[in-house]
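Next come the chains, spelled out residue by residue.
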Amino acid sequence: MVTGAMVTGAMVTGGMGTGGTRAVARCAALALPPFSDSAEGLTRTYLSPAYHAAQEQLAAWMADVGMTVRRDAAANLIGRYEGRAAGAPALVIGSHIDSVRNAGAYDGPLGILLGIEAVAALSSGRVRMPFAVEVYAFGDEEGSRFPAAMLTSRAVAGTLDPAALDVRDRDGVALGDLLDLATYPSAARTAGDIIAYLEAHIEQGPVLEAAGLALGTVTGIAAQLRFEIGLTGTAGHAGTTAMDLRRDAVTGMAEMVLAAEAVATAGPVDLVATVGVVEVPAGAANVIAGRSRFTLDVRAGDAAVRDRAADAILRRFREIAGRRDLGMSVRQVHDLPASPCDPALMDLLDAATAEAGHKPFRLVSGAGHDAMIMAALCPTAMLFLRCRGGVSHNPAEHVEPADAEAALEAISCFIRQLGAQREPA
Ligand code: GLV
Ligand code: MN
Ligand code: MN
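About the thresholds
Residues numbered from 1 in each chain as written. Chains lettered and ligands numbered in written order. Predicted model: local features only at pLDDT ≥ 70, side-chain atom pairs only at ≥ 80, totals over all residues. Heavy atoms only, no water. Axes fitted to C-alpha atoms, helices over the stretch in contact; angles between N-to-C directions. Helix = DSSP H or I, 4+ residues; strand = E, 2+ residues; numbered from the N terminus. Parallel < 35°, antiparallel > 145°, perpendicular 65-115°, else oblique. Left-handed = near helix turned anticlockwise from the far one by under 90°. Contact = heavy atoms within 4.5 Å. Nonpolar A, V, L, I, M, F, W, Y, C, P; charged D, E, K, R; others polar. Expected span 1.5 Å × (residues − 1). Donors = N, O, S within 2.8 Å, 3.2 Å for Na, K, Ca; no water. Buried < 20%, exposed > 50% of the residue type's maximum accessible area, 1.4 Å probe, protein only. Domains from an automatic or database assignment. Buried area = accessible area lost by both parts, 1.4 Å probe. Salt bridge = Lys/Arg side-chain N within 4 Å of Asp/Glu carboxyl O. Polar contact = N/O pair within 3.5 Å; in protein donor to acceptor, adjacent residues only side chain to side chain.

Draft legend 1. Region of interest: the packing of helix 4 (residues 109-124) against helix 12 (residues 401-422). Helix 12 packs onto helix 4 with a crossing angle of 60° between their chain directions and a minimal axis gap of 10 Å. As far as their axial angle goes, helix 12 and helix 4 are oblique. Relative to helix 12, the crossing made by helix 4 is right-handed. Contact with helix 4, carried on its side by Leu114, Glu117, Ala118, Ala121 and Leu122, involves Ala404, Ala407, Leu408, Ile411, Ser412 and Ile415 of helix 12 and no other residues of that element. Within the contact of helix 4 with helix 12, the residues separate by chemical class into 9 nonpolar, 1 polar and 1 charged.

This is the structure we're talking about:
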């Protein structure tokens, strides 16, 4: 257990707010050391010390509300609240506990904390459903440590290619140094075990705020491609090498970044391309870079649109590398198809939102979520919460506690209505 840093519900809420407010406060508490690897802002990468500390804290909160808690071979944390019959198939509520670097507090943890609060509401009323409720805290949604993403939900969904586990972080630490890769796929669940997956998440965009609504039902998640690009030129003296004699891996990278932007800007509005990491290994002010590397993330609602854009971008990259006489390597890090949410669960979530006193509203997700992976295993649903200014992947991320209360009420109504549907006739 975490020592000297355990955050109790009473400490966080001062014994006052209800579940949604407590969930928000707990997310804020989890944004600080020891739950962050950095004293300046929140960074919590897969399997880091902060990751383990946050899991221990979550485990304590899960146990507090009557869940049995376990960690699977992919280092997901799972709390289970039994249904009326022990061992019944489960409704899974989940999201991720890892973060991007310099993250906001709510992207991921809020969905886990709201799941725990939904179980708290059941257990305090001694309510047992015709199904179990499990809360999953997934580990590698963001891909902020290893050149991969969603490894742990892929393990659960049973779609993980074991070759994807052969990854090292920026410091050269292999995933296999931290976990037993031979048992990793045993985190898989079977379809008959899970009746549905529900993920609550901040919208990470401005649509709900603009509509003046707290909640939205997600219709589907955009398709994603992610690449790592490496460029090789010739390292040289910044003072003595004439401009026309250079093979500069930084200027080549800069031209490629702008080419990616130009291709995406010329496409439909939901087509987006992002270079989020640029690196110059051994870079120095007086050295022409001999090597550079960067990431490329391309997304669109339609996988064909995404693929055409990625092809066009990579063609431009090859043309630039050829003209500048640079070597270029391209590694595809992941390919996630667009993931529609389940129509019947969308209807149920709309009905639950209405029962909770809010206007149902539907929207698509440009951000990726573990839900898109879980869709291979079971029907999925996502509930979006309004976040201030649509800001996310930024420490300024903000959720109003009242909106989290609304989400918790909608989740509770969803559980109740799903239960009513599954009662024996
Ligand atoms: C996760 O936040 C993603 O959309 O990349
Ligand atoms: Mn994120
Ligand atoms: Mn997220």
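Draft legend 2. Structural detail: helix 4. An ideal rise of 1.5 Å per residue puts 22 Å on 16 residues; helix 4 measures up with 22 Å between its terminal C-alpha atoms. Remark: Arg126 follows helix 4 within two positions and exhibits a positive phi of approximately 55°.

Draft legend 3. Spatial organisation of the coordination of the manganese ion (ligand 2). For the manganese ion (ligand 2), every protein donor is listed as Asp107 (OD), Glu142 (OE), Glu142 (OE) and His393 (NE2), and the spread of their distances is 2.1 to 2.7 Å. Counting along the primary sequence, the residues that act as donors to the manganese ion (ligand 2) give the motif D-x34-E-x250-H. The distance between the manganese ion (ligand 2) and the manganese ion (ligand 3) comes to 3.5 Å, with Asp107 serving as a donor to both metals. Pair noted here: Asp107 is in the loop between strand 3 (90-96) and helix 4 and His393 is in the loop between strand 16 (380-385) and helix 12, with a separation of 286 residues, a long-range link. What makes Asp107 buried here is its relative accessible area of 5%.

Draft legend 4. View of the domain arrangement of the chain. Once the domains are mapped, the chain shows domain 1 (3-222 + 338-421) and domain 2 (224-336). Between domain 1 and domain 2, the C-alpha centre-to-centre distance is 33 Å. Facing the 13 residues of domain 1 at the interface are 12 residues of domain 2. In total, about 970 Å² of surface goes out of reach between domain 1 and domain 2, with carbon and sulfur atoms giving 53% of it. Our count for the contact surface shared by domain 1 and domain 2 stands at 1 salt bridge. Among the salt bridges present, the one from Arg170 reaches Glu279, with a minimum N-O distance of 4.0 Å. Inspection of the domain 1/domain 2 interface yields 2 residue pairs in polar contact (both at pLDDT 80 or more). By residue class, the composition of the side of domain 1 that touches domain 2 is 9 nonpolar, 2 polar and 2 charged.

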